[in-house]
Amino acid sequence: YSSKPKQHRCMKFPYTLSAKLAQFPIQHYLRTQWIWRYYFVAFGISTPLFYKLHQLANAPANQLNWAETKRKQYEARH
């Protein structure tokens, strides 16, 4: 072990991907951008809505109705 403290030097222009990631101010964006605050709220609200739409679209009665509609369209073309 060395007794010298570590020296951190930043590149003037970070040209490698790892240097760009190391210098990216992620904490600033998380604190100041509105999208990060509302993303999880919107996800929580929209998940039950999309689940209900999925259940309605894949209901057996709706699948039969869709098959009948497609059959009529096929017969109309041929």
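Residues numbered from 1 in each chain as written. Predicted model: local features only at pLDDT ≥ 70, side-chain atom pairs only at ≥ 80, totals over all residues. Heavy atoms only, no water.

**As for the overall build of the protein chain**
Across its full length, the protein chain carries four helices and zero strands. Going residue by residue from the N terminus, the α and β elements of the protein chain occur as α-α-α-α. Against the compact-globule benchmark of 12 Å for 78 residues, the protein chain has a radius of gyration of 28 Å, which places it well outside the compact range. Along the three orthogonal principal directions, the C-alpha set of the protein chain runs to about 80 × 30 × 30 Å. The burial tally for the protein chain puts 4% of its 78 residues in the buried class. For the protein chain, the exposed area adds up to about 8200 Å²; of that, 64% sits on carbon and sulfur atoms. (Helix = DSSP H or I, 4+ residues; strand = E, 2+ residues; numbered from the N terminus. Rg over C-alpha atoms; globule rule 2.2 N^0.38 Å. Buried < 20%, exposed > 50% of the residue type's maximum accessible area, 1.4 Å probe, protein only. Areas by Shrake-Rupley, 256 points an atom, 1.4 Å probe, with all protein chains shown as cover.)

**Here's the deal with a nonpolar patch on the surface**
A contiguous nonpolar surface patch, about 840 Å² in accessible area, is contributed by Phe24, Ile26, Tyr29, Leu30, Trp34, Ile35, Trp36 and Tyr38. Taken together, the elements giving at least two residues each to the nonpolar patch come down to α2 (26–32) and α3 (34–57). Ranked by residues supplied to the nonpolar patch, first place goes to α3 with four residues. Here Trp34 shows up in helix α3. (Patch = residues over 30% accessible without salt bridge, like charges linked within 9 Å, V, L, I, M, F, W, Y side chains within 5 Å. Salt bridge = Lys/Arg side-chain N within 4 Å of Asp/Glu carboxyl O.)

**Observations regarding the packing of aromatic side chains**
The final tally for this structure, using the stated rule, is three aromatic pairs. Ring plane angle 10° and centroid distance 5.3 Å describe the contact between Phe24 and Tyr29, whose orientation is recorded as stacked. Under the relative-accessibility criterion, Phe24 is labelled partly exposed at 45%. Owing to a relative accessible area of 32%, Tyr29 belongs among the partly exposed residues under this scheme. With a centroid separation of 6.5 Å and 45° between ring planes, the pair formed by Trp34 and Tyr38 is classed as tilted. Of this pair, Trp34 and Tyr38 both sit in helix α3, four residues apart, which is roughly one turn of that helix. The class of Trp34 is exposed, set by a relative accessible area of 54%. (Phe/Tyr/Trp six-rings, centres within 6.5 Å; stacked < 30°, edge-to-face > 60°.)

Keep in mind these values describe shape, not function.
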